[in-house]
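Chain residues, written in single-letter form:
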Amino acid sequence: MTLSITTSTLADGAVEVSPRGEIDVENAYEIREAVAAQLSAGSPVRIELNMRHVTFIDSVGISALVAAFQLAGVSDVKLVVTRPSRFAHRQLWVTGLLGLFGNPQPFDEETVTA
């Protein structure tokens, strides 16, 4: 599966970056590039990395998230992970990085109403 990334501006001025698919060695750089593009376009109040639709993330993907976090920090912009899929949440938990990204709760499809 490939990776696609969409961005949008939230009502409070935060930017939401939403990857969909697998984040792995082939495409992990795209996460960092998406964050860098938002930072160069202006200074958002916050960047939210909505990982609801991430089906897989490997160690290179985790490294790209950390690099994006550091890049945002250099610009005094807070980067947080929101709504991680159960798989992404587990990977962040196993690596000890949940706290770095704001301690997000896993996204649960079953609690979403149509």
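Numbering of residues starts from 1 in each chain and follows the order in which that chain's sequence is written. pLDDT decides what is reported in this predicted model: residues at 70 or higher carry local features, side-chain atom pairs at 80 or more are listed and counted, and totals for whole chains, interfaces and linings draw on all residues regardless. For the side-chain quantities, the full set of heavy atoms in the structure was used; hydrogens and water were omitted.

As annotated in an unreviewed UniProt entry, the protein is Anti-sigma factor antagonist from Actinoplanes subglobosus. UniProt positions are given in the numbering used here, feature names are shortened, and annotations may be inferred rather than shown by experiment. According to its UniProt record, the protein has this under Sequence similarities (unreviewed entry): "Belongs to the anti-sigma-factor antagonist family."

K.L.:
Could you give me a rundown of helix α3 (residues 86-94), with the residues and numbers involved?
P.N.:
Think of it in three bands: residues with accessible area under 20% of the maximum for their type are buried, residues over 50% are exposed, and the middle band is partly exposed, with areas taken using a 1.4 Å probe on protein chains only. Secondary structure elements are defined from DSSP: runs of H or I of at least 4 residues count as helices, runs of E of at least 2 residues count as strands, and each element is numbered from the N terminus. Those residues of α3 that sit buried are Ala88, His89 and Leu92. Axial view of α3: buried residues confined to an arc of 100°, hence all on one face. For α3, exposure combined with an orientation more than 90 degrees from the buried face picks out Arg86, Trp93 and Val94. Contacts are residue-level and defined by heavy atoms, with any inter-residue pair within 4.5 Å sufficient. The inward-facing, buried residues of α3 contact β4 (53-57), α2 (59-74) and β5 (78-82). Each direction from the helix axis to a C-beta atom contributes to the arc, which is the arc of those directions.

K.L.:
Requested: an account of the packing of helix α1 (residues 29-41) against α2, with residues and values cited.
P.N.:
The axes are straight lines fitted to the C-alpha atoms, using for helices just the contacting stretch, and the angles between their N-to-C directions are given from 0 to 180°. Contact pair α1 / α2: the axes reach a minimum separation of 8 Å and the direction vectors enclose 15°. Overall, the two elements α1 and α2 adopt an arrangement that is roughly parallel. In this structure, the crossing between α1 and α2 has a hand that is right-handed. Together, Ile31, Arg32, Val35, Ala36 and Leu39 of α1 and Leu65, Ala67, Ala68, Leu71 and Ala72 of α2 make up the contact between the two elements. Here the nonpolar group is Ala, Val, Leu, Ile, Met, Phe, Trp, Tyr, Cys and Pro; Asp, Glu, Lys and Arg are the charged ones; every other residue, Gly included, is treated as polar. A per-class count over the contact of α1 with α2 returns 9 nonpolar, no polar and 1 charged. Geometric relationships in this document are graded by angle, where less than 35 degrees denotes roughly parallel, more than 145 denotes roughly antiparallel, 65 to 115 denotes roughly perpendicular, and other angles denote oblique. Note on convention: the crossing is left-handed when the near helix lies turned anticlockwise from the far helix by less than a right angle, right-handed when the turn is clockwise.

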